[in-house]
Amino acid sequence: MRTYDHKKIEKKWQKEWEKAGLYKISDQKKGKKNFCLLVEYPYPSGNLHIGHWYAFAVPDIFARKKRMEGYNVLFPIGFDSFGLPAENAAIKHNLNPKEWTSGNIDYMTNQLKSMGNSFDWSRTLAASDPKYYKWTQWLFTELFKKGLAYRKKAEVNWCPSCNTVLANEQVADGRCDRCESEVVKKQLKQWFFKITDYAERLLKDLDSLEWPEEIKESQKNWIGRSEGVNIKNKVKGMDMEFEVYDSIPQTQAAQTFTIMAPEHPLVDELVRGTEHEKSVKDFVTKIKKKKATKKFNVDEDMEGVFTGRYVDNYLNTGRDLPIWVASYAVYEYGTGIVNCSAHDERDFKFAKKYGIPLHPVLFPSDPTLARKIKMCEVFYREPDGILEEPTEFKGRRWDEAREDIIDFLVKKGFATRKVNYKLRDWLLSRQRYWGTPIPIVYDPEGKPHPVPNEHLPWLLPEDVDFKPTGVSPLARSKELKERTEKIFGEGWKPEVDTMDTFVDSSWYFLRYFDSENEKEFCALEKQKKWMPINQYLGGAEHTTMHLLYSRFFYKALRDIGLVTANEPYKKRMNRGLVLGPDGRKMSKSKGNVVDPDRNVQFAGADSVKMCLAFIGPYNEVGAYPWSMGGIAGMRRFLERVWRLKEKVSNLKPKIADKIQTENTKLQTLLHRTIKKVGEDIEAFKFNTAISQMMICVNELEKQDKVSLEVYETLLKLVAPFAPHITEELWHELGRKKSIHLEKWPEFDEKKTKEPTVTIVFQVNGKIRSTANLARDSKEEEVKEKAFSDETLKKWINGKNIKKVVYVPGKLLNIVVG
């Protein structure tokens, strides 16, 4: 038999599949139900590493199995081709980002095709293609018209040395990643999407999704819904009032101080012209720098400075509340100001650190513990604690008094009910070149207007110097300025910010369905055929921002009438992470990246794919170490499948059936294998599916002959995992149609069970013998076997049989006296 030449075979079949258009999917096939398998489209970095293979090659197993089950499967691919890395590369290598990105897309396309995946390349898109970003811009203008896109001042990272705004990704430990200067915060006008308008819907609609609970929980935490009250406060000795949000109003009587976020604009007003002005401003500057680093942890950082000001105590407890600026106060949550008490753990620690008096009002029934709490020796807040203040609620439990206390505060005029969210509006402006231009122009009075549809795509100008000089690269474009004035008139100015790449990735899946449509971003009739996405696979790092942004974007489009479903993704699954040979996350900077191309050359794409599928469950978020030994093992397995063909005997069907019937052990194993492989693929447990196929191959190797029917079944099971070798073997068997168009094997549930079972024979409850009998043996047959058993006869001979107890398929107990 000829040797298994993976290079020749894989190249051959990739060419044949492309020529035949095997994976070019129509929107509807007669008698087939549509199924869309979506993977997060990759950033074209220029060279895939083995982790990318894990992300894109392994899901192909699922796609192929669904296709063999009779589904019309769309498995698309594209490129998230805008973004900061390309711009940095352009600056470093003095190249145009367009050229850099285009070259990387070509290179990665060849790499992706080397996987042999069932991608429909006819639908491929790239975010940086004007034909694509035309519709990103059009969608932006639709959101703008509905008031969901707006502009306001916001804080950004600013490098004083480079004179430019930096994205968060460009800041490392509070320093610019280009020049290592300290980054400061600066206020600039920015564009936002009103995602907060959708906070409640984003939260409630999670219940309808078939997502793992941990993903739902991450989204819930990111949205951060809480119910409470807003309370008006007046600064003592100043004509200043502000509101404070309180999610635990039971502690009103315990409050002894107020904290304000360093970023809050009222901080300057509080200390202006006072002896505390310098110390407070120095503290604010220090904390802002610290917050620019990844090392800052809002839950653990405990620094503060006293402003010298106090809040009038509206509850008449006799205590005014000193106002502190605290590092752990979050400007973006509530009002950015919090009244603090002994019954919040962070407030308790902060007060202890700075010697701020505390006044506990909640105590347990245990007098010893209550005494320690009274002395502020320990922190306490439990649902079953008993309130001592306010006096109106003395003796009430903390948890059951909540609503009554809120009603009390509202009726007194102190507070208003409020639902709050941690979620902030989506800042989408980027002061860089390589991104979708925001399609806005400003009239001579500075009022923003959307660029009309006939001028879309609003193209990126090319007369741009990418080197940072303190303003957006687009602001330095003569062509963009002249284009704007030519179309709109003298004095009109273009927007010079570009969009966050999360905007591009919030709707890309829809364009796959209608990628050539020049009149619509995606026709409704196309959407109805494919939406919602049946299964979406991606990285755990996108569990919050990307998924939340795309869900918001989709809901906003639905409200406008541009999409059909309520949610974009029916199912979502996060994959694990493949580590480098050194056990760390793969990174070019760490020098631990594994090049898949070398492994494909050495062992073949099928071996690499199976190795990655075997390293652990795809449906669990774990970290799996990479090992070359795994590829070698999969290569040996495929060679065994290859050699099994030598045992294949093209027996006539009746003879083959007879052999299969007589070899009940093989029959059971085959049906078990069909069942387990199918179920494990469906559950994305590809590793255990491969293990079962290995067990089956082990048994087949022991046979003198393997029937054609059995071998064909094996090849169909292996086909999703190793598409090239199975296609070659299938055609060597004389088949004309692709194995990937064959029907997925079916199993008989009865035949998955062992044909015989071991029955335990007992006398007076003690085991005296056993027998292997047919699983479906009747009770009379089991009794007949028992009473003819020579060993058992010795124990019951001459004794009176009182009764016989039979537990089907397990035991028979003979009670004698």
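The preceding data block contains the structure.
Parameters and conventions
Residues numbered from 1 in each chain as written. Predicted model: local features only at pLDDT ≥ 70, side-chain atom pairs only at ≥ 80, totals over all residues. Heavy atoms only, no water. Helix = DSSP H or I, 4+ residues; strand = E, 2+ residues; numbered from the N terminus. Buried < 20%, exposed > 50% of the residue type's maximum accessible area, 1.4 Å probe, protein only. Contact = heavy atoms within 4.5 Å. Areas by Shrake-Rupley, 256 points an atom, 1.4 Å probe, with all protein chains shown as cover. Axes fitted to C-alpha atoms, helices over the stretch in contact; angles between N-to-C directions. Parallel < 35°, antiparallel > 145°, perpendicular 65-115°, else oblique. Nonpolar A, V, L, I, M, F, W, Y, C, P; charged D, E, K, R; others polar. Pairing = 2+ DSSP bridges. Polar contact = N/O pair within 3.5 Å; in protein donor to acceptor, adjacent residues only side chain to side chain. Salt bridge = Lys/Arg side-chain N within 4 Å of Asp/Glu carboxyl O. Core = buried A, V, L, I, M, F, W, Y, C linked by side-chain atoms within 4.5 Å.

(A) Main features of the overall build of the chain. The helix and strand tally for the chain stands at 28 helices and 32 strands. In terms of its C-alpha atoms, the chain occupies a principal-axis envelope of roughly 105 × 85 × 50 Å. Buried positions account for 53% of the 817 residues belonging to the chain. Taking as baseline every contact in the chain between residues at least 6 positions apart, the subset at least 24 positions apart corresponds to 72%. If you sum the accessible surface of the chain, you get close to 37800 Å²; carbon and sulfur atoms cover 49% of it.

(B) Examining the packing of helix 20 (residues 605-614) against helix 26 (residues 723-732) more closely. Axis separation between helix 20 and helix 26 bottoms out at 7 Å; the angle between their running directions is 125°. On the basis of their axis angle, the class for helix 20 and helix 26 is oblique. Contacts from A605, D606 and K609 in helix 20 reach P723, H724 and I725 in helix 26. Along the lines of polarity and charge, the residues of the contact of helix 20 with helix 26 split into 3 nonpolar, 1 polar and 2 charged.

(C) View of the sheet that holds strand 29 (residues 756-763). Read from one edge of the open sheet, 4 strands run 30-29-32-31, paired in mixed fashion. Either end of the sheet is taken by a strand with one partner, and the two such strands are strand 30 (766-774) and strand 31 (801-807). Strand-to-strand twist in this sheet, taken as the mean axis angle between neighbours without regard to direction, amounts to 20°. Where strand 29 lies against strand 32 (residues 811-816), 4 bridges are found, and the strand directions are parallel. In the strand pairing of strand 32, V760 is matched with L811. Sitting on the sheet, helix 27 (residues 779-787) touches strand 29, strand 30, strand 31 and strand 32, and the angle it makes with strand 31 is about 125°.

(D) Broad picture of the side chain of S769. Looking at where S769 falls in the secondary structure, it is placed in strand 30. Given the relative accessible area of 13%, S769 is considered buried. A distance of 3.0 Å separates polar atoms of two side chains, one belonging to S769 and the other to D789. Setting aside residues up to four positions removed in sequence, S769 forms contacts with I759, V760, F761, D789, T791 and L792.

(E) Representation of the sheet that holds strand 20 (residues 448-450). Here we have 3 strands laid out as an open sheet, ordered 20-19-21, and antiparallel in their pairing. Each of the sheet's edge strands pairs with one partner strand only, and the pair in question is strand 20 and strand 21 (493-494). Pairing analysis gives 2 bridges linking strand 19 (residues 440-442) to strand 21, with the strands arranged antiparallel. The residue of strand 21 that forms the bridge with V441 is P494.

(F) Region of the structure containing unusual backbone geometry. Between E389 and P390 the backbone carries a cis peptide bond, its omega angle lying at -5°. Looking at the secondary structure, you find P390 in the loop between strand 15 (386-387) and helix 13 (402-411). The backbone phi angle of N94 is positive, close to 55°, even though this residue is not glycine. One can find N94 in the loop between helix 4 (84-93) and helix 5 (97-113). Assessed through its relative accessible area of 67%, N94 is described here as exposed. Unusually for a residue other than glycine, F684 sits at a positive phi of about 60°. For F684, the position within the fold is in the loop between helix 23 (664-682) and helix 24 (686-701). Look at F684 and you get buried, because its relative accessible area is 1%.

(G) Layout of the side chain of D80. Examined against the element boundaries, D80 turns out to sit in the loop between strand 2 (72-74) and helix 4. Polar contacts involving the side chain of D80 include one to the side chain of Y41, which spans 3.3 Å. Setting aside residues no more than four positions away along its own chain, D80 makes contact with Y41, P42, Y43, P44, A127, T501 and D504.

(H) The pattern of salt bridges, seen in detail. For the structure shown, the criterion picks out 54 salt bridges. A salt bridge links E210 to K570; the shortest N-O distance between them is 4.0 Å. In this pair, E210 sits in the loop between helix 7 (199-204) and helix 8 (213-223) while K570 sits in the loop between helix 18 (545-560) and strand 24 (572-575), placing the two residues 360 residues apart along the sequence. For E210, a relative accessible area of 44% gives the class partly exposed. A residue is classified by how much of its surface remains accessible, and K570, at 38% relative accessible area, is partly exposed. Members of the salt-bridge network, linked through shared partners, are D27, D120, R123 and K526.

(I) The nonpolar core, seen in detail. Core analysis: the biggest nonpolar cluster contains 85 residues, and F686, Y711 and F721 have the highest contact counts within it. L125, A149, L557 and Y569 belong to the second largest nonpolar core, which has 78 residues in total.

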